[in-house]
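Results of the structural survey
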Amino acid sequence: MSIKTLSIAALTIGSLLSCKQKPVDAQAAHAKAITIDTHVDTPMRFLREPFDIGQKHEAPSSRVDLPRMKEGGLDAIFFAIFTSQRERTEANYSQAYQMANAMIDSTEKALAANQSLATLAYKAEDASQIEQEGKRAIYLGMENGFPLNKDINRVEEFYKRGIRYITLAHTKNNDICDSSTDDLGAEHDGLSEFGVDVVKEMNRLGMLIDVSHISDKAFYDVMEQSKAPVFASHSSVRAICNHPRNMNDDMIKTLAKNGGVIQICILGAYIEEEDTTSLNYVKKEELRIKYNDFNFKSDEQRKQAWAEWREINNKYPAELPTISQAVDHIDYVVNLVGIDYVGIGSDFDGGGGLKDCKDVADFPKITEELVKRGYSETDITKVWGGNFLRVFKQVEEASEAS
Ligand SMILES: [Zn+2]
């Protein structure tokens, strides 16, 4: 080898070395990103018991509060105003409507008592604004459109109360669309006529349409009707965990093609197929049958059932999946459609939680796993909120244009 060849070789190695990215510092990347969890069920606690969100609590009984959000470097969160789907009687419609409003009232009250720690947020740009003030941004979403009754005006009414997304249905069909898990099967063959109006009204107002929980056909109907990109606030990958609540490859591709985002849900049964022989599963199935598929006759009965549910979890704890398994879902979406269409919606305080990610304070561990798998700082920023905020902004812009 001549001296000239040698020096060229040395030059090539030198430039290769300088091109090689320096290793990502997980802690720094996590701190730098605007981190958002798009689905937790914490507001239910406000109605169930006195719960001070400004104080630190312990998992597993509580997985979200403001001190632990700070500890876990979580800048923003969506609190779900959740009502379970019950028989569609006037009394139940009215109760769901009152409950949704009571949950919004109590969230406002909880935040008013903790003004130095957190602020209610309404627009996509609020997240970074509030982060710069050193506070947590709390957004509101509505899980299940049951409180709308069949009144289209209520979409705007709830928008004015701060609701920025609606998960169109929950575990059962409602007036808007079919659910992915209703034992009775399809009722509307996807989106109902009222559902089409709801989608249009949400587009007009600049609300995010959440396709988590809804049936596959309802999903495709929404994709056809919506003028703006849509998102799944807490759904995982069906190819890895075959649950009707998860999204199949074609749905993920369709969502991505429309510029939307799937926020991976870290609830055990959506990450890994359940062991149906485990005592935890068997006892919970018995409970579901005992309480008529959790169609409660009274609040008393509801309280009793949830007490028994907690007892089962204490006595026969479920073997939870790990962060590594959850990140397999993120990897899968990235390999299928690219880095721009995936995020995280934990479902904490609504069943979410992993063996090694028990609450929001554990979120930096997810970033560590992403770094271990070669995700860059930019990738991490996208997964932890960048992708979702892009969709949120587009939904706002589509509203302004209409
Ligand atoms: Zn849910």
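Residues numbered from 1 in each chain as written. Predicted model: local features only at pLDDT ≥ 70, side-chain atom pairs only at ≥ 80, totals over all residues. Heavy atoms only, no water.

**A short note on the overall build of the protein chain**
Summing up its helical and strand segments, the protein chain has 16 helices and 9 strands in all. Rg of the C-alpha trace for the protein chain: 22 Å, near the compact-globule value of 21 Å for 402 residues, within the 12% margin. If one aligns the C-alpha atoms of the protein chain with their principal axes, the spans along those axes are about 90 × 55 × 45 Å. Counting over 402 residues, the protein chain shows a buried share of 52%. A separation threshold of at least 6 residues defines the contact pool for the protein chain, and within that pool the share at least 24 residues apart is 72%. (Helix = DSSP H or I, 4+ residues; strand = E, 2+ residues; numbered from the N terminus. Rg over C-alpha atoms; globule rule 2.2 N^0.38 Å. Buried < 20%, exposed > 50% of the residue type's maximum accessible area, 1.4 Å probe, protein only. Contact = heavy atoms within 4.5 Å.)

**Observations concerning the coordination of the zinc ion**
At 2.0 to 2.2 Å from the zinc ion lie its protein donor atoms, namely Glu143 (OE), His213 (NE2) and His234 (NE2). Counting along the primary sequence, the residues that act as donors to the zinc ion give the motif E-x69-H-x20-H. With Glu143 in strand 4 (residues 136-143) and His213 in the loop between strand 6 (208-210) and helix 9 (216-225), the pair connects residues that are 70 residues apart, well separated along the chain. With respect to class, Glu143 is no different from His213; both count as buried. (Donors = N, O, S within 2.8 Å, 3.2 Å for Na, K, Ca; no water.)

**What to know about helix 16 (residues 377-401)**
Along helix 16, the sharpest change in direction is near 60 degrees and occurs at Val383. Residues of helix 16 that are buried: Ile380, Val383, Trp384, Gly385, Asn387, Phe388, Leu389, Val391, Phe392, Val395, Glu396 and Ser399. (Bend = angle between axes of the 7 residues up to and from the residue.)

**Things to note about the layout of surface pockets**
Computed from the structure, the second largest pocket encloses a volume of approximately 200 Å³. If you go around the second largest pocket, you meet 13 residues; those closest to its centre are Arg88, Lys172, Asn173, Asp182 and Leu184. (1 Å grid on protein atoms, 1.4 Å probe; cavity = no way out; pocket = protein on both sides within 12 Å on 5 of 7 lines; lining within 4 Å. Points joined across faces, edges and corners; volume = space filled by probe spheres on them.)

**Details of the packing of helix 12 (residues 279-290) against helix 13 (residues 299-315)**
Packing of helix 12 against helix 13 leaves a shortest axis separation of 10 Å and a crossing angle of 170 degrees. The pairing of helix 12 with helix 13 is recorded here as roughly antiparallel in orientation. On helix 13, the residues touching Asn280, Lys283, Lys284, Leu287 and Lys290 of helix 12 are Ala305, Glu308, Trp309, Ile312 and Asn313. Residues belonging to the contact of helix 12 with helix 13 are distributed by class as follows: 4 nonpolar, 2 polar and 4 charged. (Axes fitted to C-alpha atoms, helices over the stretch in contact; angles between N-to-C directions. Parallel < 35°, antiparallel > 145°, perpendicular 65-115°, else oblique. Nonpolar A, V, L, I, M, F, W, Y, C, P; charged D, E, K, R; others polar.)

**Digging into the environment of Leu205**
Mapping Leu205 onto the fold places it in helix 8 (residues 193-205). Sequence separation between Leu205 and Val395 is 190 residues; the distance between their C-alpha atoms is 8.9 Å. In this structure, Leu205 is in contact with Val155, Glu156, Tyr159 and Ser399, ignoring residues within four places of it in sequence.

**Quick notes on the confidence of the model for the protein chain**
Taken as a whole, the protein chain shows an average pLDDT of 93; of its residues, 95% reach a score of 70 or greater. Note on residues 1-19: pLDDT under 50 across the span, and 1 contact to partners over four residues away in sequence or across chains. (pLDDT = per-residue confidence, 0-100.)

**Some details on empty space enclosed by the protein**
All chains considered together, the criterion is met by 3 cavities of 30 Å³ or more. As a volume, the largest cavity reaches approximately 50 Å³. Along its surface, the largest cavity is lined by 13 residues, and Val211, Ile214, Arg245, Met247 and Met251 are the ones closest to its centre. Of the residues belonging to the lining of the largest cavity, the class tally is 5 nonpolar, 5 polar and 3 charged.

**Some details on the packing of helix 10 (residues 249-257) against helix 14 (residues 323-337)**
Relative to each other, helix 10 and helix 14 sit at 65 degrees, their axes nearing to 10 Å. Crossing angle aside, the handedness with which helix 10 passes helix 14 is right-handed. In contact with Asp249, Ile252, Lys253 and Ala256 of helix 10, helix 14 contributes Tyr332, Val333, Leu336 and Val337. Considering only residue class, the contact of helix 10 with helix 14 consists of 6 nonpolar, no polar and 2 charged. (Left-handed = near helix turned anticlockwise from the far one by under 90°.)

**A look at the state of the cysteines**
All chains considered together, the criterion is met by 0 disulfides. Cysteine Cys177 shares no disulfide, and the gap to the nearest cysteine sulfur, in Cys265, comes to 18 Å. Under the relative-accessibility criterion, Cys177 is labelled buried at 0%. Of all cysteine sulfurs, the one in Cys241 lies closest to Cys265, which takes part in no disulfide; the gap is 10 Å. (Disulfide = S-S within 2.5 Å.)

**Side note on unusual backbone geometry**
The linkage connecting Ala59 with the following residue, Pro60, adopts the cis geometry, with an omega of 5 degrees. Along the chain, Pro60 falls in the loop between helix 3 (43-48) and helix 4 (66-71). Non-glycine residue Asp347 carries a positive phi angle of around 65 degrees. Its location among the elements puts Asp347 in the loop between strand 9 (342-344) and helix 15 (363-372).

**Regarding the environment of Lys290**
The residue Lys290 is located in helix 12 in this model. Between the alpha carbons of Lys290 and Gly185 there is a distance of 22 Å; along the sequence they are 105 residues apart.

**Describing the side chain of Asp37**
Among the secondary structure elements, Asp37 is positioned in strand 1 (residues 36-40). In this structure, Asp37 is buried with no salt-bridge partner, the nearest side chain bearing the opposite charge being Arg63 at 10 Å. Among the polar contacts made by the side chain of Asp37, one reaches the main-chain amide nitrogen of His39 at a distance of 3.1 Å. For Asp37, the side chain forms a polar contact with the side chain of Ser346, separated by 2.5 Å. Apart from the residues lying within four places of it in its own chain, the contact partners of Asp37 are Leu74, Ala76, Ile77, Phe78, Ile344, Gly345, Ser346, Phe348 and Phe363. (Lys, Arg positive; Asp, Glu negative; His and termini not counted. Salt bridge = Lys/Arg side-chain N within 4 Å of Asp/Glu carboxyl O. Polar contact = N/O pair within 3.5 Å; in protein donor to acceptor, adjacent residues only side chain to side chain.)

**Topic: the domain arrangement of the protein chain**
By convention, interface size is frequently given as the accessible area that disappears when the constituent parts associate. For the protein chain, the assigned domains read domain 1 (26-273 + 320-401) and domain 2 (276-318). Each partner contributes to the interface: domain 1 provides 8 residues, whereas domain 2 provides 9 residues. For the domain 1 and domain 2 pair, buried surface summed over both sides reaches about 640 Å², with 28% attributable to carbon and sulfur atoms. Among the residues domain 1 hides against domain 2, the three largest losses belong to Arg48, Arg86 and Lys172. Together they make up 51% of the total. The interface formed by domain 1 and domain 2 contains 0 salt bridges. Applying the counting rule to domain 1 against domain 2 returns 1 residue pair in polar contact (both at pLDDT 80 or more). In terms of residue class, the side of domain 1 that touches domain 2 is made up of 1 nonpolar, 3 polar and 4 charged. (Domains from an automatic or database assignment. Buried area = accessible area lost by both parts, 1.4 Å probe.)

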